[in-house]
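Commentary on secondary and tertiary structure
Next come the chains, spelled out residue by residue.
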Amino acid sequence: MVLVDNHAAKDGAEDGTLVDFRGNPVDKSRTGGWLAAGLILGTELSERICVMGISMNLVTYLVGDLHLPASKSANIVTNFMGTLNLLGLLGGFLADAKLGRYLTVAIFASIAALGVTLLTLATSSRSMKPPECDSRKGHCIAASSQQLALLYAALYTLALGGGGIKSNVSGFGSDQFDPSDPKENKSMIYFFNRFYFCISLGSLFAVTVLVYLQDNVGRGWGYGISAGTMVLGVAVLIGGTTFYRFKKPQGSPLTIIWRVLFLAWRKRKLSYPSDPAFLNEYHNAKVPHTHMLRCLDKAAIIDDSATENENSKNRWIVSTVTEVEEVKMVLKLIPIWSTCILFWTVYSQMNTFTIEQATFMNRNVGNFAIPAGSFSFFLFISILLFTSANERVTVRIARRITHNVQGLTSLQRVGIGLLLSVAGMVASALVERLRRDRAIHDNFKIRAFWLVPQFFIVGAGEAFAYVGQLEFFIREAPEGMKSMSTGLFLSTLSMGYFVSSLLVSLVTKVTKRSWLKSNLNKGKLDLFYWLLAVLGLINFLVFIVFSMRHQYKVQHLSSLEDSKEELKDWKDLTLSNKEKKLGAEEKEEA
């Protein structure tokens, strides 16, 4: 990028990487700011309406209209959500390495619009559904694989598009503000608050208006509105092209991680140098060298193939100490990452079995029957309430107790979230036992509002866990790999949904379908909830061990600096003593 001698060049973001749509240095008066960020938020709002409007009520369609078993229906939903979050890694990689955030969001938003359009066709066409159940014989024919083919194609097309949007839209929105400008930096903080507000607003609209339309007017209308919303979101995004600030792709951090691991393995038989100072670019490292995961240091050994000057600059021949240390920092996050997964396994039950519970309960308020999927409203209300309360109440109380400006550390937030997820499963098990007993013995449907406690508890858990995990991965990730932090966070959601599918399959097989039945009155869903509670408690104890051993990046770097200062003071003292001793000897000789 050519820099010009005017204010436009100065207005570019850090390192001069932000340009306008023509490739020129950005002009703050014409690009970025709240106008551009607001248009980008519209795309995220559209994506959230589509995804939540589908996932929160899909299980009732699969069981009620397609006559699939409850366990298979739950797995279809969790596999869809898991794939969507996992594909966020692909979207992030393409944006960082080749396409840039704007082009990636525009392409994947168009794919999402295609996916939800296909879903509208799949759920509207009569040929895509099995015949209605025979009420006299109580016999239902499940949808065939041919009838499910278009549904699967639609869901995974939407998952591909949603994953690309999810991993890039927040970063693209933050690019519209200059962090070096105090005024714009303050606006960036508000942007993230409004970004989360848009997510919650879209979710509330989806679980109220869209779910009602799906259940009472028709799936085609509910999904059709989602398709129209997504098309409108794409049009708004593209229409605002001239107002955006664009960051050129700088290369993906995943390439650096793969390269360091590859070189460490290829050089595994080499001996360690006698002094770490002999490692490649040791003295120019941006991150202090550590002895953790020492095997990776071999990637920075300058061997015969890297002795020539041009080869020493080739990163596929030898890595730098900075790259090696950044990979070490990422790998150090894995233990905490692994213990965050089970929270999202518990959370996924709010999209599947909890919604199915509601269909077997009294959902009437007067003459109005609340759609089962709309009870997720209490989940999102809980998230909003506790997110607000955490900043205004919890953090202030924690500051007085811990005398820490931060109040609660990121890992403390995650720990509270994990503990609340266990409590949520205990509440779910107790309510399900009560519901089934009353239905079997008294032929009585208890009110669906009994589900509110488990929605509130798990929602409160998300308010702690979501913020804690996101803050942890952003703060603890290396400076050169910040764009990867969102991918790491999304991967915990993805794995949580996949673990849910795995658990459902294992429980169905081991119990010979006695726990998880389409007719919950004949199953033992409460035992499945108790299983999740026990696994959650074990996971929480493992998390405590890992979190106590984890040293925050700031603490680690400060301890290294302290060690260097102590070493320097010791050397100075030793040198001073030697000089004094030498001076005394010279004086005696004189």
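The shown structure was predicted, so the numbers you read here are calculated from the model rather than taken from an experiment.

1. Focus on the overall build of the chain
Counting secondary structure elements, the chain contains 20 helices and four strands. A burial count over the chain gives 51% of its 590 residues as buried. For the chain, contacts bridging at least 24 residues in sequence account for 81% of all contacts bridging at least 6. A total accessible area of about 28000 Å² is found for the chain, and carbon and sulfur atoms account for 61% of it.

2. Considering the packing of aromatic side chains
Scanning the model with the defined rule gives 20 aromatic pairs in all. The interplanar angle of 65 degrees and the centroid separation of 5.2 Å between the aromatic rings of Trp 34 and Phe 177 together place this pair among those described as edge-to-face. With Trp 34 in helix 2 (residues 33-55) and Phe 177 in the loop between helix 7 (169-174) and helix 8 (182-216), this pair connects stretches of sequence that are 143 residues apart. Note on Phe 177: relative accessible area 2%, which makes it buried. Seen from their ring centres, Phe 472 and Phe 473 are 5.4 Å apart, and the 70 degrees between their planes marks the pair as edge-to-face. Take Phe 472: its relative accessible area is 1%, and that puts it in the buried class. Chaining the aromatic ring pairs together yields one cluster made of Phe 343, Trp 344, Tyr 347, Tyr 466 and Phe 489. Here Arg 268 stacks its cationic end above the ring of Trp 265, 3.9 Å away from the centre of that ring. Against the face of Tyr 272 rests Arg 294, its NZ or CZ located 3.8 Å from the ring centre.

3. Observations concerning the state of the cysteines
Overall, the coordinates contain one disulfide when judged by the stated rule. At a sulfur-sulfur separation of 1.9 Å, the disulfide partner of Cys 133 is Cys 140. Note on the Cys 133 and Cys 140 pair: the S-S dihedral is about 115 degrees, so by sign convention the disulfide is right-handed.

4. Focus: the pattern of salt bridges
Counted according to the given criterion, the structure contains twelve salt bridges. Among the salt bridges present, the one from Lys 328 reaches Glu 325, with a minimum N-O distance of 3.0 Å. With Lys 328 and Glu 325 both in helix 12 (residues 321-331) and three residues apart, this pair spans about one turn of that helix. Like Glu 325, Lys 328 is buried. Two residues, Asp 437 and Arg 433, come together in a salt bridge whose shortest N-O distance is 3.2 Å. Remark: Arg 433 and Asp 437 occur in helix 16 (residues 410-441); sequence separation between them is four residues, near one turn of the helix.

5. Regarding the packing of helix 16 against helix 17 (residues 452-476)
Look at helix 16 against helix 17: their axes get within 7 Å of each other, and the N-to-C directions meet at 160 degrees. One way to sum up the angle between helix 16 and helix 17 is to call them roughly antiparallel. Crossing angle aside, the handedness with which helix 16 passes helix 17 is left-handed. Contacts between helix 16 and helix 17 involve Ser 410, Leu 411, Arg 413, Val 414, Ile 416, Gly 417, Leu 420, Ala 423, Gly 424, Ala 427, Ser 428 and Val 431 on the former and, on the latter, Gln 454, Ile 457, Val 458, Ala 460, Gly 461, Phe 464, Ala 465, Val 467, Gly 468, Gln 469, Glu 471 and Phe 472. The residue inventory of the contact of helix 16 with helix 17, partitioned by class, reads 14 nonpolar, eight polar and two charged.

6. Concerning the side chain of Thr 320
Topologically, Thr 320 is positioned in the loop between helix 11 (309-312) and helix 12. Those residues in contact with Thr 320 that lie beyond four places of it in its chain are Asn 280, Glu 281, Ala 300 and Arg 315.

7. Concerning the confidence of the model for the chain
The predicted model of the chain averages 81 in pLDDT, with 86% of residues at 70 or higher. Of all the helices and strands in the chain, helix 1 (residues 7-10) carries the lowest mean pLDDT, 34, while helix 19 (residues 525-549) carries the highest, 94. Scored below 50 in pLDDT, residues 557-571 shows five contacts in the model against residues more than four places distant or in partner chains.

8. Re helix 2
The first and last C-alpha atoms of helix 2 sit 33 Å apart over 23 residues, in line with the 33 Å expected at 1.5 Å per residue. Most of helix 2 is tucked away, with 18 of its 23 residues classed as buried.

9. Notes on a positive patch on the surface
Together, Arg 392, Arg 396, Arg 399 and Arg 400 line one region of the surface with positive charge. Within the secondary structure layout, Arg 400 lies in helix 15 (residues 377-402). Given the relative accessible area of 71%, Arg 400 is considered exposed.

10. Things to note about the packing of helix 5 (residues 101-124) against helix 6 (residues 145-166)
Close contact between helix 5 and helix 6 brings their axes to 7 Å; oriented N to C, the two are set at 155 degrees. By the angle between their axes, helix 5 is roughly antiparallel relative to helix 6. Considering how the two elements wind past one another, helix 5 and helix 6 form a crossing that is left-handed. Between helix 5, through Thr 104, Val 105, Phe 108, Ala 109, Ile 111, Ala 112, Leu 114, Gly 115, Leu 118, Leu 119, Leu 121 and Ala 122, and helix 6, the contact on the second element is made entirely by Leu 150, Leu 151, Ala 154, Leu 155, Thr 157, Leu 158, Leu 160, Gly 161, Gly 162, Gly 164 and Ile 165. Partitioned by chemical class, the residues of the contact of helix 5 with helix 6 number 17 nonpolar, six polar and no charged.

11. Brief notes about the side chain of Glu 44
Within the secondary structure layout, Glu 44 lies in helix 2. No salt bridge is formed by the buried Glu 44; the nearest opposite charge belongs to Arg 48, separated by 4.2 Å. Ignoring sequence-local partners within four residues, the contact set of Glu 44 consists of Ile 165, Val 169, Phe 195 and Ile 199.

12. Remarks on unusual backbone geometry
At His 67, a residue that is not glycine, the phi angle is positive and equals roughly 60 degrees. Looking at the secondary structure, you find His 67 in the loop between helix 3 (58-64) and helix 4 (70-99). At Glu 281, a position not held by glycine, the phi torsion is positive, near 55 degrees. Here Glu 281 is to be found in the loop between helix 10 (253-266) and helix 11.

13. Description of the environment of Asp 297
For Asp 297, the position within the fold is in the loop between helix 10 and helix 11. Excluding its chain neighbours within four sequence positions, the residues that come into contact with Asp 297 are Tyr 272, Leu 279, His 289, Thr 290, Val 324, Glu 325 and Lys 328. At a separation of 2.9 Å, a polar atom in the side chain of Asp 297 contacts the side chain of Lys 328.

Here is what the cut-offs are and how they apply
- Residues numbered from 1 in each chain as written.
- Predicted model: local features only at pLDDT ≥ 70, side-chain atom pairs only at ≥ 80, totals over all residues.
- Heavy atoms only, no water.
- Helix = DSSP H or I, 4+ residues; strand = E, 2+ residues; numbered from the N terminus.
- Buried < 20%, exposed > 50% of the residue type's maximum accessible area, 1.4 Å probe, protein only.
- Contact = heavy atoms within 4.5 Å.
- Areas by Shrake-Rupley, 256 points an atom, 1.4 Å probe, with all protein chains shown as cover.
- Phe/Tyr/Trp six-rings, centres within 6.5 Å; stacked < 30°, edge-to-face > 60°.
- Lys NZ or Arg CZ within 6 Å of the ring centre and 35° of its normal.
- Disulfide = S-S within 2.5 Å.
- Salt bridge = Lys/Arg side-chain N within 4 Å of Asp/Glu carboxyl O.
- Axes fitted to C-alpha atoms, helices over the stretch in contact; angles between N-to-C directions.
- Parallel < 35°, antiparallel > 145°, perpendicular 65-115°, else oblique.
- Left-handed = near helix turned anticlockwise from the far one by under 90°.
- Nonpolar A, V, L, I, M, F, W, Y, C, P; charged D, E, K, R; others polar.
- pLDDT = per-residue confidence, 0-100.
- Expected span 1.5 Å × (residues − 1).
- Patch = residues over 30% accessible without salt bridge, like charges linked within 9 Å, V, L, I, M, F, W, Y side chains within 5 Å.
- Lys, Arg positive; Asp, Glu negative; His and termini not counted.
- Charge placed at Lys NZ, Arg CZ, Asp CG, Glu CD.
- Polar contact = N/O pair within 3.5 Å; in protein donor to acceptor, adjacent residues only side chain to side chain.

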